[in-house]
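Next come the chains, spelled out residue by residue.
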Amino acid sequence: MSALQQYINLYHDASELVCERAVDVLNMARPEAERQFCAFVDSTAKLEDYKYTDYKTLLAPDYGLNLRRLSFSSASKYKKPSCSIAQMDSVVVQMENDVPYISSEDLARLPKGVFVGSFSEAAIQVPQILENYYGKFAEKHSDPLTSLNTLFVQEGLLIFVPSGCKIDRPLQVISTTHSNQPLMCHQRLLVILEDGASLTLLHCDETAATVDTLTTQVGEIVVGRESELQMFLLEETGVQHTRFHQVYLQQDKDSSVEWFDLTLQNGYTRNTLRGCFVGENASLATYGVALASGKQRVDNNLLVRHEVSNCRSTMLYKYVLDDQSVGAFAGKVYVAQGTVKNESEQTNANLCAGNDARAYSQPMLEIYADDVQCSHGSTVGKLDEAALFYMQQRGIPLAEARLMLQHAFVGEVLEHIPIEALRQRLSILTDLRLRGKREKCQGCKAVDACY
Amino acid sequence: MLEIKDLHAEVEGKEILKGIDLTIPNGEVHVLMGPNGSGKSTLSNVLVGHPKYTVTQGSVIFNGINLLSLSAADRAHEGIFMSFQAPTEIPGVSMTNFLRAAINAKREYHKLPALSASDFLKLLREKRKLVGLDAHFMNRGVNEGFSGGERKRNEIFQMAVLEPLFSILDETDSGLDVDALRIVAEGFNTLRTESTSALVITHYQRMLDYLRPDRVHVLVDGRVVQSGTIDLGYEIEARGFDWIKSAVSSDN
């Protein structure tokens, strides 16, 4: 039996169980997801999008799925999170596996009309929003992991910000994988910003499990006219964690999105971002940092489609790869025929700090218009020997000099983080990670104790 | 005191230093002159432990310590400093962080507690004045976007902050205009004490005028072929190196 066939068989055996514990909107999307997933099961063709990630092998192990929705966590639902960044005063949503919790106190701090909660609650309180948006963006794309997610997902988090509403404090989602046995978990995120809305979202992925775990995460994000989204994704899981993260982002006229994706601790990570401009004068700035050592792997795969004129997109992704780690970057910008004045820049830089580390870089442009300004470039290199010696001559030991240069290398990305407190915190986390002081997330209070 | 005895060194299999003997007592400034390719920079790099150079013979004793057995960083901790001929840019590492790391590594080596943030900033403020380096340079990357003159001033500023016992100035005067040279030389002179010493590599009389060295040595083909007072330096400025080279070849 092929690696993927086991999931079709499981779905056939357990579809009633899957569906009876999920809201109707999710169940209605499953037949199409099954059809799409079956196409991948039967196909022997290699997918260009998964050139650097052998997803079939990663899906081969016999993970358990928590279809009966048992609780793995002994903690109370609303325990105070260990992640709290001073000066940020964020509203916290805790995700235990696929289930979001938000305290009534935090809910009360959100502006009127904003909905933050589970799909189950959304189906009761704002059913129309869930129906209008769920699956409308992800399913247009043919992607095996998205189809698998849609096939089995039973719960999710909806964030809805109504027209003209600007949330003045960050929303922090702390997503933790809990399990005492090998587990596959499917998570779903739906973020809707109506026209003129704004949101800052910090999404932290961590794991409390000490067994092999795999999560698929599918996010659909709609950013309306003149809306602003700042998104910070921080992964601090562990070496036994495999994570497939897919986001489908649609931006309307005059909207702007700043996107930061930091992989500090992981096992195997595949981040997919599919951005699309459907209204003019929109901008998308994406930034990424990946720090990998041991046998960790990070694969960032981005596609931004300029379907209309006068839009701007940038990609700046930097990797520090040590030991036998592997980093991959594939970034593509598509500019549609008939559009004008689109601009894009792509930069991917890799620092192979270990002799056995490998970096794959594939910046791409697919342009069907004449009046464009698009550039792309990538580098793979080692630490600057002259700088290393200069630092040692001043008394900085070699190991410290290496760390400082690595930190400086990714600092070029971190300096774009517009929130001072967050920039400082992520800079500290990066430093601790490079020093090997964090095997996985120990909460932000542990960071405060170090500094 | 720095004592170099019969020092031989090679780079990529080619012997450059062919038996250097040189003693520099504490409190003295010595100038090293020589034609291009004679081994001046090689000697500097060997003394500070550049990994590209291999010592094949000889010894270097600094205040009783076998310098060649130490790592480059530990040599710095023992008080060896080099003002680089072409200081490297280190984008993303601010001058402040760079110097804080350097000072605290040295203090840790000598089993001293790290300098407090306020003491450290006070130290930077004081030393900056010495070479007229603006405060905004401290937040920039090391040598990032610095002009040639600013880089050289920055080298002397770092020397002032790190307070070495023995300094090597490798053509610190090259590329400096008259005013910048005066500032750098005066800064250097301010740092001279009874317990510090220096080896200055230069091609120019102006540097001799400012520094008034105790001794001048001439390096030809990897050996010190002549030593003398400051007058030897002036003679070289006037007559060039050919007469010394001829004298060396006729001796051989």
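Structure: above.
Description of the structure in this document.

The rules behind each value
Residues numbered from 1 in each chain as written. Chains lettered and ligands numbered in written order. Predicted model: local features only at pLDDT ≥ 70, side-chain atom pairs only at ≥ 80, totals over all residues. Heavy atoms only, no water. Buried < 20%, exposed > 50% of the residue type's maximum accessible area, 1.4 Å probe, protein only. Helix = DSSP H or I, 4+ residues; strand = E, 2+ residues; numbered from the N terminus. Pairing = 2+ DSSP bridges. Axes fitted to C-alpha atoms, helices over the stretch in contact; angles between N-to-C directions. Contact = heavy atoms within 4.5 Å. Salt bridge = Lys/Arg side-chain N within 4 Å of Asp/Glu carboxyl O. Left-handed = near helix turned anticlockwise from the far one by under 90°. Nonpolar A, V, L, I, M, F, W, Y, C, P; charged D, E, K, R; others polar. Arc of directions from axis to C-beta.

This paragraph deals with the pairing of strand β14 (residues 283-292) of chain A. Residues and elements named next belong to chain A. The buried count for β14 comes to nine of ten residues, which makes it a mostly enclosed element. Pairing between strand β12 (residues 256-265) and β14: eight bridges, direction parallel. Following the sheet pairing, Asp-261 is matched in β14 by Gly-288. Across ten bridges, the pairing between β14 and strand β16 (residues 312-321) is parallel. The partner of Val-289 across the bridge, within β16, is Lys-318.

Glancing now at the sheet that holds strand β9 (residues 166-170) of chain B. All names here are of chain B. Spatially, the six strands line up as an open sheet ordered β6-β9-β10-β3-β11-β12, and their pairing is mixed. Of all strands in the sheet, those bounded by a partner on one side alone are β6 (80-83) and β12 (223-228). Mean inter-strand twist for the sheet, computed between neighbouring axes without regard to direction, equals 20°. By the bridge criterion, four bridges tie strand β3 (residues 29-33) to strand β11 (residues 215-220) in an arrangement that is parallel. Opposite Leu-32, over in β11, you have His-217 as the bridge partner. Contacts from helix α5 (residues 148-162) reach β6 and β9 within the one sheet, and its direction differs from that of β6 by about 165°.

We now examine the pattern of salt bridges. Pairing is possible between side chains of opposite charge, provided their charged atoms come close. Per the stated rule, a full pass over the model turns up 28 salt bridges over all chains. The closest approach of N and O atoms between Asp-299 of chain A and Arg-270 of chain A, which form a salt bridge, is 3.0 Å. With Asp-299 of chain A in strand β15 (residues 297-306) and Arg-270 of chain A in strand β13 (residues 268-277), this residue pair connects regions lying 29 residues apart in the sequence. Judged by relative accessible area, which is 2%, Asp-299 of chain A ranks as buried. For Arg-270 of chain A, a relative accessible area of 0% puts it in the buried group. Arg-151 of chain B is paired through a salt bridge with Glu-89 of chain B; the nearest N and O atoms lie 2.9 Å apart. In this pair, Arg-151 of chain B is assigned in helix α5 and Glu-89 of chain B in the loop between β6 and β7 (90-94), connecting sequence segments 62 residues apart. Under the relative-accessibility criterion, Arg-151 of chain B is labelled buried at 18%. It is possible to trace a salt-bridge network through shared partners that takes in Asp-89, Asp-106, Arg-109 and Arg-169 of chain A.

So, about the packing of helix α10 (residues 398-414) of chain A against helix α11 (residues 420-434) of chain A. All names here are of chain A. Direction vectors running N to C along α10 and α11 enclose 150°, while the axes themselves pass 10 Å from each other. Judged by the sense of rotation from one axis to the other, the crossing of α10 with α11 is right-handed. On α11, the residues that touch Leu-403, Gln-406, His-407, Val-410 and Leu-414 of α10 are Arg-423, Leu-426, Ser-427, Thr-430, Asp-431 and Leu-434. Classifying every residue of the contact of α10 with α11 by side-chain character gives five nonpolar, four polar and two charged.

Residue and element names in this part refer to chain B. Pairing in this open sheet of four strands is antiparallel, and the strands run β2-β1-β4-β5 from one edge to the other. Lying at the two open borders of the sheet, with one neighbouring strand each, are β2 (14-24) and β5 (65-66). Of the pairings in the sheet, the one linking strand β4 (residues 53-62) to β5 comprises two bridges and is antiparallel in character. The residue bridging Phe-62 from the neighbouring strand is Ile-65, located in β5.

What follows is about helix α8 (residues 230-239) of chain B. All names here are of chain B. Here α8 has its buried residues at Ile-230, Leu-232, Gly-233 and Ile-236. Projected down its long axis, α8 shows its buried positions confined to an angular sector of 155°, all on one face. Those residues of α8 that are exposed and aimed more than 90 degrees away from the buried face are Asp-231 and Ala-238. One or two positions beyond α8, positive phi appears at Gly-240, with a value near 80°.

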